[in-house]
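Chain and residue survey
Each chain, letter by letter, is given below.
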Amino acid sequence: YGFPKWPPLGVTALLSPLPRLGAILAPRPSVVNAAELPPPRPIGQDGERHIAVLFGGDSKHYQYQTNDMKALGDALKRLIAERPEWRVTVFDSRRTNAETFLPLEYIIAAQPKMDSKRFVDGGLGSNAEAFGADAILVSADSLSMVHEALAAARPVIVVRPKAYRPPRRDRRELRGLVRAGRVVQGTFNTLDAKLIARPTVVDQISRVDELADLLRSRGF
């Protein structure tokens, strides 16, 4: 899986999330399997709901600032005030800068309906609980986590700091997902219950089986 480099030495087949000459069009592979998860509860209805936040972190395209994390924390705090029956869990990643994350952690600690699960404590698989949530917010710096959330068959909301502009390849991929109705996008400042409740296409199917079938159809 990846993006073509020339010459493609030692490559029998290439999976790509974007149409590429000679590549097999397929979502980013993931072990997350919607067939093994309960379906999400409808966000647009009243009642308790669990909202997961998958946060990536610094990359060569963007370095998060403490004010970005405060903006995200304030948005989540407003969300809980707006929908007090909801609860929010934030999951970070190996790319998360611990010092930059602190303003968000302080806000989470002060809110009884919010908690966090840190990569530094749980390592790989520490975000497994996220995929059983009723909706998943994903930071725009991680297309891999976007596809994991989609593979879980959840409503997916891609959010970013106001100052962050994804690289061109990511923008193309996100535009395709938005056009297909698979994700909605917003900024930390525009994040609210209305954005989360916007309808998306949610297919309760196994992307693991779908990928296996695609590979078998190509002789693998």
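What this report covers is the structure whose coordinates are included nearby.

Conventions used here
- Residues numbered from 1 in each chain as written.
- Predicted model: local features only at pLDDT ≥ 70, side-chain atom pairs only at ≥ 80, totals over all residues.
- Heavy atoms only, no water.
- Axes fitted to C-alpha atoms, helices over the stretch in contact; angles between N-to-C directions.
- Helix = DSSP H or I, 4+ residues; strand = E, 2+ residues; numbered from the N terminus.
- Parallel < 35°, antiparallel > 145°, perpendicular 65-115°, else oblique.
- Left-handed = near helix turned anticlockwise from the far one by under 90°.
- Contact = heavy atoms within 4.5 Å.
- Nonpolar A, V, L, I, M, F, W, Y, C, P; charged D, E, K, R; others polar.
- Salt bridge = Lys/Arg side-chain N within 4 Å of Asp/Glu carboxyl O.
- Buried < 20%, exposed > 50% of the residue type's maximum accessible area, 1.4 Å probe, protein only.
- Pairing = 2+ DSSP bridges.
- Right-handed = clockwise from strand over helix to strand, strands pointing away.
- Polar contact = N/O pair within 3.5 Å; in protein donor to acceptor, adjacent residues only side chain to side chain.
- Phe/Tyr/Trp six-rings, centres within 6.5 Å; stacked < 30°, edge-to-face > 60°.
- Lys NZ or Arg CZ within 6 Å of the ring centre and 35° of its normal.

**Some thoughts on the packing of helix α4 (residues 143-151) against helix α5 (residues 168-179)**
Two numbers describe how α4 lies on α5: the axes approach to 11 Å, and their chain directions differ by 20°. Looking at the two axes, α4 sits roughly parallel to α5. The crossing of α4 and α5 is left-handed. Residue-level contacts link L143, V146, H147 and L150 of α4 to D170, E173, L174 and L177 of α5. Its residues assigned to classes, the contact of α4 with α5 comprises five nonpolar, one polar and two charged.

**Some remarks on the pattern of salt bridges**
Under the counting rule described, the total for this entry stands at 12 salt bridges. Taking the shortest distance from any N to any O, the salt bridge between D74 and K70 comes out at 2.9 Å. Highlighted residues: D74 and K70, both in helix α1 (residues 66-82), separated by four residues, approximately one helical turn. For the salt bridge of D141 with R95, the shortest nitrogen-to-oxygen distance reads 2.7 Å. Of the two residues, D141 sits in the loop between β6 (135-139) and α4 while R95 sits in the loop between β4 (86-91) and α2 (98-109), which places them 46 residues apart along the sequence.

**Observations concerning the pairing of strand β3 (residues 49-54)**
With six of six residues buried, β3 lies mostly within the body of the structure. A two-sided burial pattern is seen for β3, the buried positions comprising R49, I51 and V53 on one face and H50, A52 and L54 on the other. With six bridges joining them, β3 and β4 adopt parallel strand pairing. By the bridge assignment for β4, H50 is matched with R87. Handedness of the crossover joining β3 and β4 through α1 is recorded here as right-handed. Pairing of β3 with β6, which is carried by four bridges, proceeds in the parallel orientation. Paired with V53 across the strands is L137, a residue of β6.

**Looking at the environment of F131**
Within the secondary structure layout, F131 lies in the loop between α3 (119-122) and β6. Sequence separation between F131 and P38 is 93 residues, and the spatial gap between their C-alpha atoms is 9.6 Å.

**Quick word on the environment of S93**
Tracing the sequence through the fold places S93 in the loop between β4 and α2. Considering only alpha carbons, one finds S93 and K117, 24 residues apart in sequence, at a separation of 9.6 Å. A distance of 2.9 Å separates a polar side-chain atom of S93 from the backbone oxygen of G56.

**Describing the packing of aromatic side chains**
Following the criterion strictly, the structure yields five aromatic pairs and no others. A centroid spacing of 4.8 Å and a plane angle of 65° characterise the contact between F55 and Y64, whose relative ring orientation is edge-to-face. Looking at F55, the relative accessible area reads 3%, which means it is buried. Here F55 and F101 contribute two aromatic rings whose centre-to-centre distance is 6.3 Å and whose plane-to-plane angle is 45°, an arrangement assigned as tilted. One end of the pair, F55, is in the loop between β3 and α1; the other, F101, is in helix α2, and 46 residues separate them in sequence. Accessibility classification places F55 together with F101 in one group, the buried group. What links up through ring pairs into an aromatic cluster is the set F55, Y62, Y64, F101 and Y164. Directly above the ring of F3 sits R169, whose terminal nitrogen or CZ lies 3.6 Å from the centroid.

**Looking at the sheet that holds strand β5 (residues 114-117)**
Strand order in the open sheet formed by six strands is β5-β4-β3-β6-β7-β8, and the pairing between neighbours is parallel. The strands lining the two open edges of the sheet, one partner per strand, are β5 and β8 (183-187). Strand-to-strand twist across the sheet, computed as the mean angle between neighbouring axes with direction ignored, equals 25°. Pairing between β6 and strand β7 (residues 156-160): four bridges, direction parallel.

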